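The residues making up each chain are set out below.
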Amino acid sequence: MQREYITNEAWRKIYQFLKKKKVFMLEMKVFVKRFIVGVYWILKTGAQWRELPDRYGNWNSVFKRFDVWSKRKF
């Protein structure tokens, strides 16, 4: 059984926040959630990006997206 790192309620709040910013590409909600959970996994475990499990996507793609998002001004 795969452990869920972000509850559905927390995800709803995160998604609503991102929608208000209108600076992120959010049309594929499933992929956005997978990205957010992947970043959370990295932060929680302290692992290197290359150790990101495949279920969160290609580690390099997730890292690049994180890098772009982290440079945005809110």
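Structural data are supplied above this passage.
Residues numbered from 1 in each chain as written. Predicted model: local features only at pLDDT ≥ 70, side-chain atom pairs only at ≥ 80, totals over all residues. Heavy atoms only, no water.

Asker: Could you clarify how one ought to interpret the overall build of the protein in this entry?
Answerer: Secondary structure assignment for the protein yields 3 helices and 0 strands. Counting helices and strands in the order they occur from the N terminus, the protein gives α-α-α. Here the C-alpha radius of gyration of the protein, 12 Å, is about what a compact globule of 74 residues would show, namely 11 Å. Taking the principal axes of its C-alpha atoms as reference, the protein extends roughly 30 × 30 × 20 Å. (Helix = DSSP H or I, 4+ residues; strand = E, 2+ residues; numbered from the N terminus. Rg over C-alpha atoms; globule rule 2.2 N^0.38 Å.)

Asker: Can you help me understand the nonpolar core in this one?
Answerer: Generally speaking, nonpolar side chains in soluble globular proteins are found buried as a group. Counting 19 residues, the largest nonpolar core has Leu18, Val32, Ile36 and Trp69 as its most contacted members. Counting only elements with at least two residues in this core, the list comes to helix H1 (8–21), helix H2 (29–45) and helix H3 (59–71). Here this core takes 7 residues from H2, the largest share from any one element. Look past the residues within four positions of Val32 in its chain and what remains in contact with it is Trp11, Leu18, Met25, Leu26, Arg65 and Trp69. (Core = buried A, V, L, I, M, F, W, Y, C linked by side-chain atoms within 4.5 Å. Buried < 20%, exposed > 50% of the residue type's maximum accessible area, 1.4 Å probe, protein only. Contact = heavy atoms within 4.5 Å.)

Asker: Explain the packing of aromatic side chains here, please?
Answerer: Each aromatic ring pair is described using two quantities: the centre-to-centre distance and the angle formed by the ring planes. All told, the structure shown has 5 aromatic pairs when counted by the stated rule. Measuring from centroid to centroid gives 5.5 Å for Trp11 and Tyr15, while their planes differ by 45°, and the two rings are tilted. Of the two residues, Trp11 and Tyr15 are both situated in helix H1; the distance of 4 residues between them amounts to about one turn of the helix. According to the relative accessible area criterion, Trp11 is buried, its value standing at 8%. Where Trp49 meets Phe66, the ring centres are 5.4 Å apart and the plane angle is 40°; that geometry is what we call tilted. With Trp49 in the loop between H2 and H3 and Phe66 in helix H3, the pair connects residues that are 17 residues apart, well separated along the chain. Taking the relative accessible area as the measure of exposure, Trp49 reaches 17% and is therefore buried. (Phe/Tyr/Trp six-rings, centres within 6.5 Å; stacked < 30°, edge-to-face > 60°.)

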